[in-house]
Amino acid sequence: MLAGTIGKYQFRIRTRTGVIVEHLSFHGRDEADARRKVEQIYNNCQVLECQYQDVPMNGRLGTVNYEDVMDLIIAR
């Protein structure tokens, strides 16, 4: 990751019941952190694919969404 960016990881998983879920996006300090978040929500899932995306930090004048706020709270 570059300075001034946060990592966003897009997952494709198979749930414990066998359902394929695509386009799950999670922020993380690294891939392991993002995977941990996926596994907290989808217990016993199998990660089929993970892709990293650079996301620029928006700052005060940019937009902030619910996921950004939750990531700040969880990171503490």
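To be clear, the structure that these remarks concern was listed above.
Presented here is an overview of the structure given in this document. (Residues numbered from 1 in each chain as written. Predicted model: local features only at pLDDT ≥ 70, side-chain atom pairs only at ≥ 80, totals over all residues. Heavy atoms only, no water.)

Observations regarding the environment of glycine 7
Here is step 1: Residue placement: glycine 7 occurs in strand β1 (residues 5-14).
Here is step 2: Residue classification places glycine 7 among the buried positions, given a relative accessible area of 0%. (Helix = DSSP H or I, 4+ residues; strand = E, 2+ residues; numbered from the N terminus. Buried < 20%, exposed > 50% of the residue type's maximum accessible area, 1.4 Å probe, protein only.)

Re unusual backbone geometry
Here is step 1: You will see that histidine 23, though not glycine, has its phi angle at about 65°, which is positive.
Here is step 2: Phi at asparagine 44 is positive, roughly 60°, even though this residue is not glycine.
Here is step 3: Among the secondary structure elements, asparagine 44 is positioned in the loop between α1 (31-41) and β3 (46-56).

A few points about the pattern of salt bridges
Here is step 1: Applying the stated criterion to the full structure yields 5 salt bridges.
Here is step 2: Between aspartate 33 and arginine 36 there is a salt bridge, and its shortest N-O distance comes to 2.8 Å. In this pair, aspartate 33 and arginine 36 are both assigned in helix α1, 3 residues apart and thus about one turn of the helix distant.
Here is step 3: Here aspartate 33 falls in the buried class, since its relative accessible area comes to 6%.
Here is step 4: As a salt-bridge pair, lysine 37 and aspartate 33 come within 3.9 Å of each other at their nearest N and O atoms. Taken together, the positions of lysine 37 and aspartate 33, both in helix α1 and 4 residues apart, correspond to about one turn of that helix. Each member of the pair, lysine 37 together with aspartate 33, is buried.
Here is step 5: Ionic contacts of the salt-bridge type, sharing partners, join the residues Arg29, Asp33, Arg36 and Lys37 into one network. (Salt bridge = Lys/Arg side-chain N within 4 Å of Asp/Glu carboxyl O.)

Points about the layout of surface pockets
Here is step 1: Of the pockets and cavities examined, the second largest pocket occupies roughly 190 Å³.
Here is step 2: Taken together, Phe26, His27, Lys37, Gln40, Ile41, Tyr66, Glu67, Met70, Asp71 and Ile74 make up the full set of residues lining the second largest pocket.
Here is step 3: Counting residues per element, the ones that place at least two in the lining of the second largest pocket are β2 (20-28), α1 and α2 (66-74).
Here is step 4: If you tally residues by element for the lining of the second largest pocket, the top one is α2, at 5 residues.
Here is step 5: For the lining of the second largest pocket, the residue count by class is 5 nonpolar, 2 polar and 3 charged. (1 Å grid on protein atoms, 1.4 Å probe; cavity = no way out; pocket = protein on both sides within 12 Å on 5 of 7 lines; lining within 4 Å. Points joined across faces, edges and corners; volume = space filled by probe spheres on them. Nonpolar A, V, L, I, M, F, W, Y, C, P; charged D, E, K, R; others polar.)

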